[in-house]
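As a plain string of letters, each chain reads:
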Amino acid sequence: MNIVYELIADGFFAAIAGMGFGAISDPPLKAFPGIGILAALGHALRYALMDYAGIDIASASFCAALLIGFMSLLLGERLRCPMTVLYIPALLPMIPGMYAYRTVFSMIMFMQNIGDAALSSEYMAALLLNAVVTVTVIFALAVGATIPIFLFKEKAYSMTREKPRNRKRHDGNVLADNK
Amino acid sequence: MKTEEQLQETLDFIGEYAGQLLGSGVHTSRVVRNTKRIGRSQDINVHITTFQRTAILTVSDPETHRTLTEVIDIPQLPISFELNSNLSALSWRAADRHMPLCDIREEYRRLVSRPKINPLFVMLMASLANASFCRLFGGDLCAVCIVFSSTLVGFSLKQELQKMGLNHFIVFILSAFMASLCASSALVFNADAEVALATSVLFLIPGVPLINGVIDIVEGHILLGLSRIINALLLVVCLAIGLSATLLLVKNSLL
Amino acid sequence: METFWQTISEYNSHTWPVQAAAAVMAAAAVTALRRRPTAATRRCMRLLLAAMCIWTAVAYYFIYCSPRAYNTALGIFWLIMGGIWLFGAVRKGGSGLTPVRKHRVIAPIIMAAPLAYPLISLARGMTFPQIVTPLMPCGLAVFTVGVMLAFAPRPNIFILMMMFHWAMIGIFKIRHFSMPEEIVTVAAIVTGIFLILRDYIAVRYNARLKPRPRVIAGIASAICILVIILLVYVLAGC
């Protein structure tokens, strides 16, 4: 019961975060619910993988991004939006903000304690650790969500195309006009 | 078979279309596909070379082998997913229905002048997003509320300064400083100040150029992808400068 | 908490003449601007606000509150605020600051709300100098919002949001420093900002923007309700 509650809370806040960060890039209004669903599913999956399955943050982020990528393939076809419109905002709540912050913080503390050999090497180690985690996670997110595009090239590239039956109906009109 | 004027007219339109797409944050391979598709609807071949600030466009008539080339400037527009989506749909419609150029242009004008998103709405949504982000990182109620109002301060400053037309690096430094300065008041209440400070500046992360850059690189547009990533990283550095200014003020309390 | 009230007491006993003079000058500036909104009275108002912000930053935070742990960051917050008003006063042809007819009743109440602080403090059994006075950051924040409501037809959202941040801090001050005076701060600032934003949206009702203004007004109202719930929650926890 507790697990279910935690996952739902995690997904809820991730959905708000995804839709909010998405709003900065001016998405079509119809895409907002889709972004929220993707962000919630992805973040809840990562949370479950990290906290209950004990997987590291980079692999967990990669799996979550993969899920977001495949789901955006399905939703994008239904909403007739390009996949990137849906999955870029949905990935943003998974950016490892605390690691990024600690990178900046350890860099500042390193510069402040540059004369002290023990302290400065400690901060240097922290700087490197946090920077590597940040960069790896962001790269894993971007690549994970892009893989579905490569797997289903035809479908991914024609997301915004009209459905064949609509196209046919229009062609019929053209023919009728010509006559 | 196209006359010289027709070819020139098509080239002008495709140049405008490609510039609009590249300027509003669409990844390169989509721009290339869309422009080629528009060209196909007019029975001409389009080749495009893209850089960060300019693009080179060549159109050729397959029957007469007449070729025209143009260099276009890429305008610096705000990122717009709606334009990305609508202009892509326009290219498919043009190709599927063989629309004449004047119709495509009319439709294009209509799509470009569609209402933009309300800045007040963006500000409120971004602040709610940052507050829930703080909750995701394990901040307590006090930290969440302070991050919410700090983001309102930082985001409104960003919008005011952008309206004044200030250089965007300076805008990022000042907004990051202001947001983190406000978030540092979480220290007063023994709240999770570290989480509050870390999340208060995250609304400035240029996520779209970063991810577009990675997509461009894995799709083979390595030069443009790298320049997108470098551009985004410069903004991240500005963000870090603004955050460091606050951290230098309050660092003794964080140890 | 001990240090907190200690610093307030010291600040009050040393600077009460300045505070009294500031209150009189603020009343005079408001009356003058209301009677005759000329370039001179507008500039006076901006200069007065700038002076009060800089006073709060330097005298209150940097000098008297130096025993407190986190005075620097808050002092810089008010220094920036003062800088903005000073910039507006010095700049040539600065527009804005014209009496807004609409809020004739509510705006003076909000501007006069800081005068209630000492009364509340005295009523709950505290004695001078250990009381909350109008020329403190919370009083200044309320006064600023009142001035924006009364005299700013085109409000600067950034200044408003800085004041909203102060209201947010105020909510947590109630519990942390057991300071019920802050209820006035929160109520006045949230009411003021809500009214200003409502006008702001109404003026731009037909702008070609998405989504519809009604959605934004809904979100803004929801946030106001959330703030009130938060206030009640904090009060219940006291």
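Just so we're clear, the structure is a prediction, and the values are computed from it rather than from any experiment.

**Re the overall build of chain C**
- The secondary structure content of chain C amounts to nine helices and one strand.
- Listed N to C, the secondary structure of chain C is α-α-α-α-α-α-α-α-β-α in terms of helices and strands.
- The C-alpha radius of gyration computed for chain C amounts to 18 Å, which stays within 12% of the reference 18 Å derived for 238 residues, consistent with globular compactness.
- Across its three principal axes, chain C shows a C-alpha extent of roughly 55 × 45 × 30 Å.
- Going through the 238 residues of chain C one by one, you find that 51% of them count as buried.
- Pairs at least 24 apart in sequence give 77% of the contacts found in chain C among residues at least 6 apart.
- Surface exposure of chain C reaches about 10900 Å², of which carbon and sulfur atoms provide 67%.
- Here chain C contributes 22 positive and 5 negative side-chain charges, whose respective centroids are spaced 24 Å apart.

**Let's talk about a nonpolar patch on the surface**
Residues and elements named next belong to chain B.
- Nonpolar side chains collect at one region of the surface, where Ile222, Leu226, Ile230 and Leu234 lie side by side and expose about 350 Å² of accessible area between them.
- Relative to the helices and strands, Leu226 resides in helix H10 (residues 222–254).
- The exposure class of Leu226 is partly exposed, given its relative accessible area of 41%.

**Notes on helix H6 (residues 141–164) of chain B**
- Along its 24 residues, H6 of chain B runs 35 Å from first to last C-alpha, staying within 8% of the 34 Å computed at 1.5 Å per residue.
- Gly165 of chain B lies just past H6 of chain B and shows a positive phi near 80°.

**Comments concerning the side chain of Ser200 of chain B**
- Positionally, Ser200 of chain B belongs in helix H8 (residues 193–200).
- Engagement of the side chain of Ser200 of chain B in a polar contact is seen with the backbone oxygen of Leu197 of chain B, the distance being 3.0 Å.

**Remarks on the environment of Asn212 of chain B**
- Relative to the helices and strands, Asn212 of chain B is located in helix H9 (residues 207–218).
- In sequence terms Asn212 of chain B and Pro62 of chain B are 150 residues apart; their C-alpha atoms lie 33 Å from each other.
- In this structure Asn212 of chain B touches Ile88 of chain A together with Gly25, Val26, His27 and Arg228 of chain B, once residues within four positions along its chain are discounted.

**A look at the packing of aromatic side chains**
Residue and element names in this part refer to chain C.
- Tallying each qualifying case throughout the model produces 21 aromatic pairs over all chains.
- Ring geometry for Phe77 against Trp78: centres 5.7 Å apart, planes inclined by 75°, an arrangement best described as edge-to-face. The pair Phe77 / Trp78 is uniform in exposure class, with both members buried.
- Look at Trp78 and Trp166: their rings are 5.2 Å apart centre to centre, the planes differ by 70°, and that puts the pair in the edge-to-face class. Here Trp78 is found in helix H3 (residues 71–90), whereas its partner Trp166 is found in helix H7 (residues 157–176), with 88 residues between them in sequence. We note that Trp78, like Trp166, is buried.

**Quick word on the interface of chain B and chain A**
- Between chain B and chain A, the contact holds 54 residues from the first and 52 residues from the second.
- A buried area of about 4900 Å², summed over both sides, lies between chain B and chain A, and 73% of it is on carbon and sulfur atoms.
- Interface area lost by chain B to chain A is led by Phe81, Trp92 and Leu136 of chain B, which between them contribute 14%.
- Run the count over chain B and chain A and you get two salt bridges.
- Close ionic contact of Arg97 of chain B with Glu162 of chain A constitutes a salt bridge, the shortest N to O distance being 2.8 Å.
- Applying the counting rule to chain B against chain A returns six residue pairs in polar contact (both at pLDDT 80 or more).
- Listing elements by their share of the side of chain B that touches chain A, those giving two or more residues are helix H2 (28–41), helix H3 (81–97), strand S4 (116–117), helix H5 (119–136), H8, H9 and H10 of chain B.
- By residue number, the principal contributor to the side of chain B that touches chain A is H5 of chain B, which donates eleven residues.
- Residues belonging to the side of chain B that touches chain A are distributed by class as follows: 32 nonpolar, ten polar and twelve charged.

**Section: the pattern of salt bridges**
- For the coordinates displayed, the defined rule picks out 15 salt bridges over all chains.
- The shortest N-O distance in the salt bridge between Arg109 of chain B and Glu16 of chain B comes to 3.1 Å. Placement of Arg109 of chain B in helix H4 (residues 101–112) and of Glu16 of chain B in helix H1 (residues 4–23) is noted, with a sequence separation of 93 residues between them.
- When its relative accessible area of 40% is taken as the criterion, Arg109 of chain B is described as partly exposed.
- With its nearest N and O atoms 3.9 Å apart, the salt bridge here joins Glu182 of chain C to Lys173 of chain C.

**Overview of the pairing of strand S2 (residues 54–60) of chain B**
Residue and element names in this part refer to chain B.
- Both strand S1 (residues 45–50) and S2 contribute to a ladder of six bridges, which runs antiparallel. Bridged to His47 within S2 is Thr58.
- Hairpin connection between S1 and S2: a loop of three residues separates the two successive antiparallel strands.
- A loop of six residues connects S2 with strand S3 (residues 67–73), the two strands running antiparallel in sequence, and His65 in this loop sits at a positive phi of about 60°.

**Let's talk about the interface of chain C and chain B**
- Contacts between the two partners involve 34 residues from chain C and, on the opposite side, 39 residues from chain B.
- Across the chain C to chain B interface the summed buried area is about 3300 Å²; carbon plus sulfur atoms make up 81%.
- Looking at the side of chain C facing chain B, the largest losses of area belong to Tyr70, Phe158 and Lys210 of chain C, adding up to 20% of the total buried there.
- For the salt bridge of Glu82 of chain B with Lys210 of chain C, the shortest nitrogen-to-oxygen distance reads 2.4 Å.
- Where chain C packs against chain B, one counts seven residue pairs in polar contact (both at pLDDT 80 or more).
- Elements with a minimum of two residues in the side of chain C that touches chain B: H3, H7, helix H8 (182–203), strand S1 (209–210) and helix H9 (213–237) of chain C.
- Residue contributions to the side of chain C that touches chain B peak at eleven residues, all from H7 of chain C.
- Here the side of chain C that touches chain B is composed, by residue class, of 27 nonpolar, four polar and three charged.
- Both S4 of chain B and S1 of chain C contribute to a ladder of two bridges, which runs parallel. Considered in S1 of chain C, the bridge of Lys116 of chain B is made with Leu209 of chain C.

Thresholds, definitions, all that
Residues numbered from 1 in each chain as written. Chains lettered and ligands numbered in written order. Predicted model: local features only at pLDDT ≥ 70, side-chain atom pairs only at ≥ 80, totals over all residues. Heavy atoms only, no water. Helix = DSSP H or I, 4+ residues; strand = E, 2+ residues; numbered from the N terminus. Rg over C-alpha atoms; globule rule 2.2 N^0.38 Å. Buried < 20%, exposed > 50% of the residue type's maximum accessible area, 1.4 Å probe, protein only. Contact = heavy atoms within 4.5 Å. Areas by Shrake-Rupley, 256 points an atom, 1.4 Å probe, with all protein chains shown as cover. Lys, Arg positive; Asp, Glu negative; His and termini not counted. Charge placed at Lys NZ, Arg CZ, Asp CG, Glu CD. Patch = residues over 30% accessible without salt bridge, like charges linked within 9 Å, V, L, I, M, F, W, Y side chains within 5 Å. Salt bridge = Lys/Arg side-chain N within 4 Å of Asp/Glu carboxyl O. Expected span 1.5 Å × (residues − 1). Polar contact = N/O pair within 3.5 Å; in protein donor to acceptor, adjacent residues only side chain to side chain. Phe/Tyr/Trp six-rings, centres within 6.5 Å; stacked < 30°, edge-to-face > 60°. Buried area = accessible area lost by both parts, 1.4 Å probe. Nonpolar A, V, L, I, M, F, W, Y, C, P; charged D, E, K, R; others polar. Pairing = 2+ DSSP bridges.

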